[in-house]
Amino acid sequence: MPAADAHARYPELPPWDGDVASARALQVELAARVSLQDTGSEPRRIAGVDVGFEEGGAITRAVAVLLDAATLDPLDEVVARLPTRMPYIPGLLSFRELPAVLVALGRLAASPDLVLVDGHGIAHPRGLGIAAHLGVLTGLPTIGVAKSILVGSHDELPAQRGACVPLRHRGRVIGSVLRSKDKVRPLIVSPGHRVSLVRAPQIVLACCRGYRLPEPTRLADRLASRRGPGACSDE
DNA sequence: GCGACAG
DNA sequence: ATCTTGTCGC
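Note that the structure is a prediction, hence the values are computed from the model and not measured.

## So, the packing of aromatic side chains
Enumeration over the complete set of coordinates arrives at zero aromatic pairs. Its guanidinium or amino end placed over the ring of Y211, R218 lies 3.8 Å from that ring's centre, counting from NZ or CZ.

## Quick word on the protein's contact with DNA strand C
Close to DNA strand C lie G52, F53, R61, K147 and S225. F53 is positioned with one of its backbone polar atoms (N or O) 3.2 Å from a phosphate oxygen of DNA strand C. Among the residues forming the surface near DNA strand C, the class breakdown is one nonpolar, two polar and two charged.

## Quick notes on the environment of L128
Relative to the elements of secondary structure, L128 occurs in the loop between strand 4 (114-118) and helix 4 (130-138). Classification of L128 by relative accessible area gives buried; the value is 0%. Once the C-alpha coordinates of L128 and A109 are considered, the two residues, 19 residues apart in sequence, prove to be 28 Å apart. Setting aside residues up to four positions removed in sequence, L128 forms contacts with Q27, L30, A31, V34, G121, H133 and V136.

Rules of the game
Residues numbered from 1 in each chain as written. Chains lettered and ligands numbered in written order. Predicted model: local features only at pLDDT ≥ 70, side-chain atom pairs only at ≥ 80, totals over all residues. Heavy atoms only, no water. Phe/Tyr/Trp six-rings, centres within 6.5 Å; stacked < 30°, edge-to-face > 60°. Lys NZ or Arg CZ within 6 Å of the ring centre and 35° of its normal. Near = heavy atom within 4 Å. Polar contact = N/O pair within 3.5 Å; in protein donor to acceptor, adjacent residues only side chain to side chain. Nonpolar A, V, L, I, M, F, W, Y, C, P; charged D, E, K, R; others polar. Helix = DSSP H or I, 4+ residues; strand = E, 2+ residues; numbered from the N terminus. Buried < 20%, exposed > 50% of the residue type's maximum accessible area, 1.4 Å probe, protein only. Contact = heavy atoms within 4.5 Å.

Following this line, the structure appears as structure tokens:
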């Protein structure tokens, strides 16, 4: 996909025009298209996506990594850089980051059967966090893995890895608060699309390998922001 | 009206 | 998200 055609290709992701009210209205429409039904089949390839910024925010850098679902070994990684076209507005994150994410995902060597996104799924004021928005756009099963709560509340969570309690909002369960590692801040996991509330945290926990973040998101995160071992593309 | 607010 | 070194704790 030509590095800036996400808008033309997806009517559900219009270019930013400063109209917050209509963007929110669109989210309400798209949220009605979200499915919380599991696919039934086990994923063979799982992708992880995350976004970082360069040049003081002028450049949006999206990273997509593809992993073998069985071994969690990396199969491919893509970095896409696009000029930033919108400011960060709580609740409208997907409109700002998805254009770059779609380009990165489209350049992967193979399409994933599931995508883990750094951000929320349906655990959002209008039920359409970035993972849910991406799922509705592409039709791919997606799960939101956030590092903090946007909306909702929950009971106390045990300190041991694997502990999981429901995240509720307006009397509804919208996700899970999951302890992915002993004594670290929990992850906020919510279905994005075509994944159930029950399976989302199970899948995410199964993707954790001793770090707080599950491998798909952790590897994408490492390339999107920090400079760690293997983060340099040249030399 | 006041505070909260993914990344 | 990003600006940023060393440091406290498991």
